[in-house]
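# Understanding the architecture of this molecule
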Amino acid sequence: MDTGNAAWMLTSAALVFLMTPGVAFFYGGMVRAKAVLNMLMLSAAAISVTAIIWTFWGWSIAYAGKDIGGIFGDPATGFLLKDSMVAKDGVFTAANTSGDYPGSIDVAFQATFAMITVALITGAIAERVKYSTWMLFVALWITFDYAPMAHMVWNGGLLSPTGAISQALGAAAHDFAGGTVVHINAATAALVTVLIIGKRKGFGTQPIRPHNVPFVMLGAFLLWFGWFGFNAGSAFGANGTAGYAWVSTTAAAAAAMLAWGFTEKVRSGHYTAVGAASGMVAGLVAITPAADVVSPLWAMVIGAIAGVVTCLACGLKFKFGYDDSLDVVGVHGVGGLIGTVLIGFFGVGTGLFTGGSWRQLVVQILVAVVAILYSAVVTSIIVFALEKTMGWRVTEAQEVAGIDMADQGERAYDFAGTASSVLKEVK
């Protein structure tokens, strides 16, 4: 075992874990004051429910179980982590310590990816869904969508470099840290869900503005920080690839932030803070699948393209009438597609612009399409089933009054109490 690699992977797991609280603040600031607690709680549920499901059978379906049709692993082999954890000399430790780092660390690292992926969906369904329904959705979605998708892409399944699509076309599919598994997957699920559960009251007819822009910026900075574990950690060691992934990740995020800002300036005359935060995230999303295989120049190009295109794509929800509250589709869906497909142009030695052939591009497109179809079908089944049983929406009156009071029985800000205290002090 290499203790340096082990230390880095434990650190990376902690960094990726931080991304879900980052998402909570990023989204929490974007909603209205009457829904911020619910937004934070949706991310808390994403962490907690995913942790339980991952421990029981999620890890097994994604990584530990015997491959079934290139789609998923059996849930029994790694049930309750029995393949990964053993008791030795009175304490539990990793069953396998022969590699670069203990297998128990990999369980932790991959669990955080599952948490952040399902948490991303919350941005699309903000301000209108029942907390109880969301918790059950997380359990079902991690089981039937995320874990199989991770198996297909990262564990030798259908969409992996050795999978059927790659073998048929003679080019290895590439998804370094989650363009398909995380971003395309979550955005597709988000779009399907909002189409089924419907729009917020007032969507498209009244302004719905962020209530706390500093929260949005804080969340974006936390995401950028956590993304170093997300991307550099996906090198699975404290090595040169990890260092380069850190650099390419930063270059792409910076380029995207600036490109989004310039797009906004041309369109509206302002460089907004919300736009800067969204641009950062768009660049981080786009470089995720490609962070290890594109040069510094192409990393910045990918970021710049993502900044402009995602900024424009976020307006599509008004044109087509789907209420993706906080632009999960526009940022994560479009950004994930950009990064995944552009590997076919810019990937070193394989892309069309870097000495490769059309095969890599076709493989990247096909992998993205299959991921979209799988996520759409599975998510539709889950969301429809929950709609017909538990129901997704709070009542219209509860939505108008504020979902924080309806679901959490609390308010984020006690303005009345603050005013009363000030008046008493004055007297």
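Residues numbered from 1 in each chain as written. Predicted model: local features only at pLDDT ≥ 70, side-chain atom pairs only at ≥ 80, totals over all residues. Heavy atoms only, no water.

## Examining the overall build of the protein
What counts, and what does not: Under the DSSP-based scheme used, a helix requires at least four consecutive residues in state H or I and a strand at least two consecutive residues in state E, with every element numbered from the N terminus. Throughout, radius of gyration means the C-alpha value; the globule benchmark is 2.2 Å times the number of residues raised to the power 0.38. Burial classes follow relative accessibility: with a 1.4 Å probe on protein chains only, a residue under 20% of its type's maximum area counts as buried, one over 50% as exposed, and anything between as partly exposed. Contact between two residues is taken to exist if any of their heavy atoms lie within 4.5 Å; hydrogens are not considered. Note that accessible areas follow from Shrake-Rupley with a 1.4 Å probe, and for residues the cover is restricted to the protein chains shown. Within this scheme the basic residues Lys and Arg register as positive and the acidic residues Asp and Glu register as negative, but His and the chain ends are omitted. Every charge is mapped onto a representative atom, which is NZ of Lys, CZ of Arg, CG of Asp or CD of Glu.
The helix and strand tally for the protein stands at 16 helices and four strands. The globule rule puts the C-alpha radius of gyration for 427 residues at 22 Å, and the 21 Å found for the protein is close to it. Expressed along its principal axes, the backbone C-alpha trace of the protein runs to roughly 70 × 60 × 45 Å. Here the protein, with 427 residues, has 54% of them falling under the buried criterion. The contacts in the protein between residues at least 6 apart in sequence include a share of 75% that link residues at least 24 apart. Carbon and sulfur atoms form 69% of the exposed surface of the protein, whose accessible area is close to 16800 Å². Considering the protein, the positive charge centre built from 21 side chains and the negative charge centre built from 23 side chains are found 11 Å apart.

## Observations regarding the environment of Phe26
Checked against the element boundaries, Phe26 lands in helix H1 (residues 3-30). On a C-alpha basis, the gap between Phe26 and Leu223 in space is 8.5 Å, while along the polypeptide they are 197 residues apart.

## Quick look at helix H3 (residues 103-120)
Under the convention used in this document: In this analysis, the expected span of each helix is defined as 1.5 Å times one less than the number of residues it contains.
In this model H3 runs 27 Å from its N-terminal to its C-terminal C-alpha over 18 residues, within 8% of the 26 Å that 1.5 Å per residue would give. Summarising burial for H3: 15 of the 18 residues are buried, a large majority.

## A short note on helix H12 (residues 328-346)
Here H12 is 19 residues long and its end C-alpha atoms lie 25 Å apart, about the 27 Å a rise of 1.5 Å per residue gives. When you tally the buried positions in H12, you get 15 out of 19 residues, the bulk of the element.

## Topic: the pattern of salt bridges
Rule in force here: When a carboxyl oxygen of Asp or Glu is within 4 Å of a side-chain nitrogen of Lys or Arg, the pair counts as a salt bridge.
Counted by the stated rule, this structure contains seven salt bridges. Salt-bridge contacts for Glu396 lead to Lys201; the nearest nitrogen and oxygen are separated by 3.5 Å. Of this pair, Glu396 sits in helix H14 (residues 396-401) while Lys201 sits in the loop between helix H6 (179-197) and helix H7 (213-231), and the two are 195 residues apart along the sequence. Of the residues examined, Glu396 reaches a relative accessible area of 53% and is grouped as exposed.

## Notes on the packing of aromatic side chains
Aromatic ring pairs: the centre-centre distance and the angle between the two ring planes describe each pair. The condition that has to hold: Each Phe, Tyr or Trp ring, with Trp reduced to its six-membered ring, pairs with another whose centre is within 6.5 Å; inter-plane angles below 30 degrees give stacked pairs, above 60 give edge-to-face pairs, and intermediate values give tilted ones.
Going through the model one piece at a time under the given rule, you end up with 24 aromatic pairs. Between the aromatic rings of Phe113 and Trp154, the centroid separation amounts to 5.8 Å while the plane-to-plane angle is 90°, which identifies the pairing as edge-to-face. You can see Phe113 sitting in helix H3 and its partner Trp154 sitting in helix H4 (residues 131-154), a full 41 residues away along the chain. For Trp154, a relative accessible area of 23% corresponds to the partly exposed category. Here the aromatic rings of Phe203 and Phe318 are separated by 5.4 Å at their centres, their planes lie at 10°, and the arrangement is stacked. Separated by 115 residues along the polypeptide, Phe203 in the loop between H6 and H7 and Phe318 in helix H11 (residues 316-320) bring together distant segments of the chain. Owing to a relative accessible area of 12%, Phe203 belongs among the buried residues under this scheme.

## What about the UniProt feature "domain: Ammonium transporter AmtB-like" (unreviewed entry) in the protein?
Selection criterion: UniProt positions are given in the numbering used here, feature names are shortened, and annotations may be inferred rather than shown by experiment.
Those residues carrying the UniProt feature "domain: Ammonium transporter AmtB-like" (unreviewed entry) are residues 7-413 in this numbering. Helix makes up 66% of residues 7-413 and strand 3%, whereas the separation of the span's terminal C-alpha atoms amounts to 40 Å.

## Side note on the pairing of strand E3 (residues 85-88)
Inclusion rule: Whether two strands pair depends on DSSP finding at least two bridges between them.
Relative to strand E4 (residues 91-94), E3 runs antiparallel, the two being bridged by four bridges. Paired with Met85 across the strands is Ala94, a residue of E4. In sequence, E3 turns back onto E4 through a hairpin of two residues, with Asp89 there showing a positive phi of about 55°.

## As for the side chain of Thr133
Position of Thr133 among the secondary structure elements: in helix H4. Ignoring anything within four residues of it in the chain, the contact list for Thr133 reads Leu386, Met390, Gly391 and Trp392.

## Here we look at the nonpolar core
For soluble globular proteins, nonpolar side chains are generally found buried alongside one another. Test applied: Buried residues of nine kinds, namely Ala, Val, Leu, Ile, Met, Phe, Trp, Tyr and Cys, make up a nonpolar core once their side-chain atoms join them within 4.5 Å.
Counting 125 residues, the largest nonpolar core has Trp54 and Phe137 as the members making the most contacts within it. With near-sequence residues (within four places) excluded, Phe137 lies in contact with Val118, Ile121, Thr193, Thr379, Ile382, Val383, Leu386 and Trp392.

## Looking at the packing of H3 against H4
In plain terms, the rule: Every axis in this analysis is a line fitted to C-alpha atoms, fitted for helices over the stretch in contact. Angles between the N-to-C directions lie between 0 and 180 degrees. Should an angle fall under 35 degrees it is called roughly parallel, over 145 degrees roughly antiparallel, and 65 to 115 degrees roughly perpendicular, with every other angle called oblique. Crossing handedness: left-handed means the near helix sits turned counterclockwise from the far one by under a right angle, and right-handed means the same turn made clockwise.
Contact pair H3 / H4: the axes reach a minimum separation of 10 Å and the direction vectors enclose 125°. When the interaxial angle is binned, H3 and H4 end up oblique. For H3 against H4, the interelement crossing comes out right-handed. Residues Gln110, Phe113, Ala114, Thr117 and Val118 of H3 lie in contact with H4, whose contacting residues are Trp134, Phe137, Val138, Trp141, Ile142, Tyr146 and Trp154.

## A few points about unusual backbone geometry
Of note, the phi angle at Leu80 is positive, near 55°, even though the residue is not glycine. Structurally, Leu80 is set in the loop between strand E2 (72-73) and E3. Take Leu80: its relative accessible area is 46%, and that puts it in the partly exposed class. Not every positive phi belongs to a glycine, and Asp89 is a case in point at roughly 55°. Mapped onto the elements of the fold, Asp89 is located in the loop between E3 and E4.

## Remarks on a nonpolar patch on the surface
As a reminder, the rule being used: Note that patches include only residues with greater than 30% relative accessible area and no salt bridge, and the join distances are 9 Å for like charges and 5 Å for nonpolar side chains (Val, Leu, Ile, Met, Phe, Trp, Tyr).
Where nonpolar side chains cluster on the molecular surface, the patch consists of Ile52, Phe56, Phe79 and Leu80 and spans about 350 Å² of accessible area. One can find Phe79 in the loop between E2 and E3. Residue Phe79 is classed as partly exposed on the basis of its relative accessible area, which comes to 33%.

## Concerning the packing of H1 against H7
Running from amino to carboxyl end, H1 crosses H7 at an angle of 160°, the nearest separation of the two axes being 7 Å. In terms of orientation, H1 and H7 fall into the roughly antiparallel class. In terms of crossing hand, the pair formed by H1 and H7 is left-handed.

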